[in-house]
Amino acid sequence: MISLNVNGKVHKLDVDQDMILLWALRDHLDLKGTKYACGIGECGTCTVLIDGKAVRSCTITVGEIKRKKITTIEGLPENHPVKQAWIKEQVPQCGYCQPGVIMQVTAHLSQKPTPNANQVISKMDDVLCRCGTYPYIKQGIKTAIQIMRKDGKS
Ligand code: FES
Ligand code: FES
């Protein structure tokens, strides 16, 4: 039995220690927002936060993250600046990669002091979007920072 703290709630899962986190989230907790793509840690589509840091959930087992706090796209509040910015700028096309992109951006923006837009954009190089929404992602990052400044969160 494994305990996982996901989105502020502790879950007991009857799974093996070496189960991949992505499958625990999707298949055992029914959190389908985190998506599977490459499966080898290359694309960023499956990114979640673990203790606030962006981690590719296809690369880590549940046994490695006991007692840490996991946040998935479902755990980000609807009024979160990155979610608001993504809606305002209509960033997604098919949307498949976007939960991972949003979690990666959120991790970068939670650093103190908050990095500027160009710093965040330069760190997004290894997140892949097959629809090529990169210009919209860049604009979304700029808008998220503006919203954070307006809300006094940076
Ligand atoms: S599916 Fe995990 S990095 Fe691509
Ligand atoms: S929006 Fe379609 S893969 Fe990124």
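For the structure, check the block above.
Here is a short report on the structure shown in this document.

Rules of the game
- Residues numbered from 1 in each chain as written.
- Chains lettered and ligands numbered in written order.
- Predicted model: local features only at pLDDT ≥ 70, side-chain atom pairs only at ≥ 80, totals over all residues.
- Heavy atoms only, no water.
- Helix = DSSP H or I, 4+ residues; strand = E, 2+ residues; numbered from the N terminus.
- Buried < 20%, exposed > 50% of the residue type's maximum accessible area, 1.4 Å probe, protein only.
- Contact = heavy atoms within 4.5 Å.

1. Some points on the side chain of Q104
(1) Moving on: Within the element layout of this structure, Q104 appears in helix α3 (residues 98-109).
(2) Moving on: The class for Q104 is buried, based on a relative accessible area of 10%.
(3) Moving on: Not counting residues within four places of it along the chain, the set of residues in contact with Q104 comprises T47, A54, R56, M124 and V127.

2. Focus: helix α1 (residues 21-28)
(1) Moving on: Listing the buried residues of α1 in full gives L21, L22, A24, L25 and R26.
(2) Moving on: Among the structural elements, β1 (2-6), β2 (9-13), β3 (47-50) and β5 (69-71) are those in contact with the buried residues of α1.
(3) Moving on: Directly after α1, the chain includes D30, whose backbone phi takes a positive value near 60°.

3. Some points on unusual backbone geometry
(1) Moving on: In this structure, D30 is a non-glycine residue whose phi angle is positive, near 60°.
(2) Moving on: Position of D30 among the secondary structure elements: in the loop between α1 and β3.
(3) Moving on: With relative accessibility at 56%, the residue D30 sits in the exposed group.

By themselves these figures say nothing about function.
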